[in-house]
Amino acid sequence: MVAYTQNELASATEISKQFGEYISKVKNGLVDKIGVLKNNKLNAVILSVEEYEKMSEAMELLEDMGIYEEIRDRIKSNKELIDGNDVLKKHGLSLDV
(Lines give C-alpha, C1' and ligand atoms only; values in the text may rest on other atoms or scores of the structure.)
Protein backbone atom coordinates (compact mmCIF):
# COMPACT_ATOMS: atom_id res chain seq x y z
CA MET A 1 0.00 0.00 0.00
CA VAL A 2 1.19 3.49 -0.82
CA ALA A 3 1.86 5.82 2.10
CA TYR A 4 0.75 9.46 2.09
CA THR A 5 2.10 12.31 4.16
CA GLN A 6 -0.31 14.82 5.68
CA ASN A 7 0.47 17.39 2.95
CA GLU A 8 -0.34 14.78 0.26
CA LEU A 9 -3.97 14.39 1.39
CA ALA A 10 -6.88 16.74 0.81
CA SER A 11 -10.65 16.50 0.87
CA ALA A 12 -12.56 16.62 -2.40
CA THR A 13 -14.17 19.85 -1.21
CA GLU A 14 -10.78 21.43 -0.50
CA ILE A 15 -9.48 20.28 -3.90
CA SER A 16 -12.50 21.76 -5.69
CA LYS A 17 -11.98 25.12 -3.99
CA GLN A 18 -8.22 25.29 -4.63
CA PHE A 19 -7.82 23.05 -7.69
CA GLY A 20 -5.17 25.21 -9.39
CA GLU A 21 -3.04 25.32 -6.25
CA TYR A 22 -3.05 21.52 -5.89
CA ILE A 23 -2.28 20.98 -9.56
CA SER A 24 0.65 23.42 -9.27
CA LYS A 25 2.02 21.56 -6.24
CA VAL A 26 2.09 18.30 -8.20
CA LYS A 27 3.30 19.87 -11.45
CA ASN A 28 6.14 21.74 -9.73
CA GLY A 29 7.25 18.70 -7.73
CA LEU A 30 6.38 20.08 -4.30
CA VAL A 31 4.56 16.79 -3.69
CA ASP A 32 4.67 13.50 -5.62
CA LYS A 33 0.95 12.95 -5.44
CA ILE A 34 -2.25 14.25 -3.89
CA GLY A 35 -4.67 11.75 -2.37
CA VAL A 36 -8.25 12.98 -2.71
CA LEU A 37 -10.44 12.06 0.24
CA LYS A 38 -14.22 11.77 0.09
CA ASN A 39 -16.01 10.88 3.32
CA ASN A 40 -12.56 10.36 4.88
CA LYS A 41 -11.72 7.60 2.38
CA LEU A 42 -9.06 7.77 -0.31
CA ASN A 43 -11.03 8.09 -3.53
CA ALA A 44 -8.56 9.27 -6.19
CA VAL A 45 -4.98 10.38 -6.71
CA ILE A 46 -3.68 13.38 -8.61
CA LEU A 47 -0.31 12.78 -10.32
CA SER A 48 1.91 14.78 -12.63
CA VAL A 49 1.85 13.81 -16.29
CA GLU A 50 5.43 12.58 -15.96
CA GLU A 51 4.59 10.27 -13.05
CA TYR A 52 1.50 8.94 -14.81
CA GLU A 53 3.53 8.21 -17.97
CA LYS A 54 6.22 6.41 -15.92
CA MET A 55 3.57 4.26 -14.26
CA SER A 56 1.88 3.53 -17.58
CA GLU A 57 5.19 2.50 -19.17
CA ALA A 58 5.98 0.30 -16.15
CA MET A 59 2.61 -1.44 -16.50
CA GLU A 60 3.26 -2.07 -20.19
CA LEU A 61 6.67 -3.54 -19.33
CA LEU A 62 5.09 -5.83 -16.70
CA GLU A 63 2.53 -7.02 -19.24
CA ASP A 64 5.32 -7.72 -21.75
CA MET A 65 7.24 -9.64 -19.09
CA GLY A 66 4.15 -11.71 -18.32
CA ILE A 67 3.77 -12.64 -21.99
CA TYR A 68 7.48 -13.47 -22.21
CA GLU A 69 7.25 -15.72 -19.13
CA GLU A 70 4.17 -17.46 -20.52
CA ILE A 71 5.99 -18.21 -23.77
CA ARG A 72 9.17 -19.29 -21.97
CA ASP A 73 7.25 -21.61 -19.64
CA ARG A 74 5.38 -23.18 -22.55
CA ILE A 75 8.59 -23.83 -24.46
CA LYS A 76 10.30 -25.34 -21.40
CA SER A 77 7.35 -27.59 -20.58
CA ASN A 78 7.34 -29.23 -24.02
CA LYS A 79 3.56 -29.02 -23.93
CA GLU A 80 1.59 -28.27 -27.01
CA LEU A 81 2.03 -24.61 -27.79
CA ILE A 82 -1.06 -22.44 -27.79
CA ASP A 83 -2.06 -19.87 -30.35
CA GLY A 84 -0.53 -16.41 -29.85
CA ASN A 85 -3.97 -14.82 -29.95
CA ASP A 86 -5.00 -16.98 -26.99
CA VAL A 87 -2.00 -15.70 -25.00
CA LEU A 88 -2.90 -12.11 -25.84
CA LYS A 89 -6.53 -12.72 -24.88
CA LYS A 90 -5.48 -14.28 -21.56
CA HIS A 91 -3.61 -11.07 -20.72
CA GLY A 92 -6.37 -8.81 -21.98
CA LEU A 93 -4.35 -7.65 -24.98
CA SER A 94 -5.01 -7.44 -28.69
CA LEU A 95 -3.05 -6.72 -31.86
CA ASP A 96 -5.97 -4.72 -33.21
CA VAL A 97 -5.18 -1.04 -33.59
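Rules used throughout
Residues numbered from 1 in each chain as written. Predicted model: local features only at pLDDT ≥ 70, side-chain atom pairs only at ≥ 80, totals over all residues. Heavy atoms only, no water. Helix = DSSP H or I, 4+ residues; strand = E, 2+ residues; numbered from the N terminus. Rg over C-alpha atoms; globule rule 2.2 N^0.38 Å. Buried < 20%, exposed > 50% of the residue type's maximum accessible area, 1.4 Å probe, protein only. Contact = heavy atoms within 4.5 Å. Pairing = 2+ DSSP bridges.

Draft legend 1. Expanded view of the overall build of the chain. Counting its secondary structure elements, the chain contains 4 helices and 3 strands. Traced from its N-terminal end to its C-terminal end, the chain shows the element sequence β-α-α-β-β-α-α. Against the globule reference of 13 Å for 97 residues, the chain gives a C-alpha radius of gyration of 20 Å, more extended than a compact globule. Across its three principal directions, the C-alpha atoms of the chain cover 60 × 25 × 25 Å. A burial count over the chain gives 16% of its 97 residues as buried. If you take every contact in the chain between residues at least 6 apart in sequence, the share linking residues at least 24 apart comes to 40%.

Draft legend 2. Quick look at the pairing of strand β3 (residues 41–47). Where strand β2 (residues 33–38) and β3 come together, 6 bridges link them in antiparallel fashion. Of the residues in β3, the one forming a bridge with Gly-35 is Val-45. Hairpin connection between β2 and β3: a loop of 2 residues separates the two successive antiparallel strands, and Asn-39 in this loop has a positive phi of roughly 55°.

Draft legend 3. View of unusual backbone geometry. In the Ramachandran plot, Asn-39 falls in the positive-phi region, its phi being about 55° despite a non-glycine side chain. Locating Asn-39 in the fold gives a position in the loop between β2 and β3. Unusually for a residue other than glycine, Asn-40 sits at a positive phi of about 60°. Looking at the secondary structure, you find Asn-40 in the loop between β2 and β3. Residue Asn-40 is classed as exposed on the basis of its relative accessible area of 75%.

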